[in-house]
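Working through the structure, step by step
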Amino acid sequence: VNTAKDLQTIAFGSCNKLELPQDMWPNIAGNNPDLWIWLGDIIYADTTNTKALAAHYKRLKTNPEYKKLRDKTQIIGVYDDHDFGKNDAGRGTPNKRGTKKCLLDFLDVPYSSPVRKQEGAYQSYLFGKGKNLIKVIVLDTRYFRDTLIADPDPKQRYFPNPDGDILGEEQWAWLEHELTDSPARLHILCDSIQVLPNEKKKKKWGNFPNSRKRLFQLIVKTQPANLMILSGDRHMAEISKLDIAGLPYPLYDFSSSGLTHIRNSQIEPNRMRVGDMILKRNFGLLKIQWDGSSPVITMEVRGLQNELFLQEVVRYRRE
């Protein structure tokens, strides 16, 4: 990854079934993103067999349209459960070191990179030169995640795990280090599952309320300049916003999911939602401009033929 490059356009997405048409890539590439971020469910292999997993990744990596994006755009990211073994897989998943290696090979992460030697696939990148630096932090919410107990009510899906953890102590310590005294003027926290929305009953940070609270407390404690969250998983797109006491700017969680497929269900409640919930195949775009040392972010949800479904401009306070 060439981190000396200034980031002006970031594209991201999740939920990409290989057996479905891979026809979103020309639309994504047409925006000339400087960076593409995978936020999980990249291939839906649902296996811990590394040979099968590698074959799935190779099939996507050699897809002609995806290859065109690879040839001109830097690509980073992380797995989610369907790339990690099975639906809602967590820390007890067998062969997770092999699963991590397959992801890193797919992303062309150098063999000398520290992430190759650590447990978990979390990584951080500091992009740009001069004062207007952007730090992209990619969390691993599968490798260390505690278990959830299934709720027999299909509308509920899980009982929350009040004492459970998502990140594991090593990743928590690393995240605190990345946020403390960071020189970046914009921080993008990338996560395969949503952090802010908490009314739905499915995959979310809210199923681990202590972890969610701990994350908010860490952000307030470290006071990173202008942090926002990107997330995936939900087979729809939405932008959520929350004001947190002690944080001098609103916290946004921008979700994009459904490169190849979207959900059938109705609009769900989310009191933090800004604008509409998008139930169409989509990818996310961040367009970054600078007002002095403060970023101005245009968040866009786009689809086939690059159709614009949702747009929200965030103008962070000048310092």
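In short, a report on the structure.

So, the overall build of the protein chain
Counting its secondary structure elements, the protein chain contains 7 helices and 15 strands. In terms of C-alpha radius of gyration, the protein chain reaches 18 Å, essentially the compact-globule figure of 20 Å for 319 residues. Reported as C-alpha extents along the three principal axes, the dimensions of the protein chain are approximately 50 × 45 × 45 Å. By sequence separation, contacts in the protein chain at least 24 residues apart represent 69% of the contacts at least 6 residues apart. Element-wise, carbon and sulfur atoms account for 50% of the exposed surface of the protein chain, whose accessible area totals about 13400 Å². Side chains of the protein chain give 47 positive and 39 negative charges; the mean places of these two sets differ by 2 Å.

Structural notes on empty space enclosed by the protein
A complete count under the given rule lists 2 cavities of 30 Å³ or more for this structure. Roughly 50 Å³ of internal volume is contained in the largest cavity. For the lining of the largest cavity, the residue count by class is 4 nonpolar, 1 polar and 5 charged. Taken as a whole, the second largest cavity encloses approximately 40 Å³ of empty space. As for the second largest cavity, its lining consists of Pro197, Asn198, Glu199, Lys200, Glu238, Glu268, Pro269, Asn270 and Arg273. Classifying every residue of the lining of the second largest cavity gives 2 nonpolar, 2 polar and 5 charged.

Remarks on the environment of asparagine 31
Here asparagine 31 lies in the loop between helix H1 (25-29) and strand S2 (35-39). For asparagine 31, a relative accessible area of 15% puts it in the buried group. Sequence spacing of asparagine 31 and leucine 218 is 187 residues, and the spatial spacing of their C-alpha atoms is 34 Å. When near neighbours in sequence (up to four residues on either side) are disregarded, asparagine 31 contacts Thr9, Phe283, Leu285, Arg302 and Asn306. Here asparagine 27 takes part through its backbone oxygen, which lies 2.9 Å from a polar atom of the side chain of asparagine 31.

Concerning the packing of helix H2 (residues 50-61) against helix H5 (residues 96-106)
Where H2 contacts H5, the two axes come as close as 10 Å, and the packing angle between them is 20°. Considering their axes alone, H2 and H5 lie roughly parallel with respect to each other. As for the relative orientation of H2 and H5, their crossing is right-handed in sense. Facing Thr50, Leu53, Ala54, Tyr57, Leu60 and Lys61 of H2, the residues of H5 in contact are Gly98, Thr99, Cys102, Leu103, Asp105 and Phe106. A per-class count over the contact of H2 with H5 returns 7 nonpolar, 3 polar and 2 charged.

Rules of the game
Residues numbered from 1 in each chain as written. Predicted model: local features only at pLDDT ≥ 70, side-chain atom pairs only at ≥ 80, totals over all residues. Heavy atoms only, no water. Helix = DSSP H or I, 4+ residues; strand = E, 2+ residues; numbered from the N terminus. Rg over C-alpha atoms; globule rule 2.2 N^0.38 Å. Contact = heavy atoms within 4.5 Å. Areas by Shrake-Rupley, 256 points an atom, 1.4 Å probe, with all protein chains shown as cover. Lys, Arg positive; Asp, Glu negative; His and termini not counted. Charge placed at Lys NZ, Arg CZ, Asp CG, Glu CD. 1 Å grid on protein atoms, 1.4 Å probe; cavity = no way out; pocket = protein on both sides within 12 Å on 5 of 7 lines; lining within 4 Å. Points joined across faces, edges and corners; volume = space filled by probe spheres on them. Nonpolar A, V, L, I, M, F, W, Y, C, P; charged D, E, K, R; others polar. Buried < 20%, exposed > 50% of the residue type's maximum accessible area, 1.4 Å probe, protein only. Polar contact = N/O pair within 3.5 Å; in protein donor to acceptor, adjacent residues only side chain to side chain. Axes fitted to C-alpha atoms, helices over the stretch in contact; angles between N-to-C directions. Parallel < 35°, antiparallel > 145°, perpendicular 65-115°, else oblique. Left-handed = near helix turned anticlockwise from the far one by under 90°.

What is shown is where atoms sit, not what they do.
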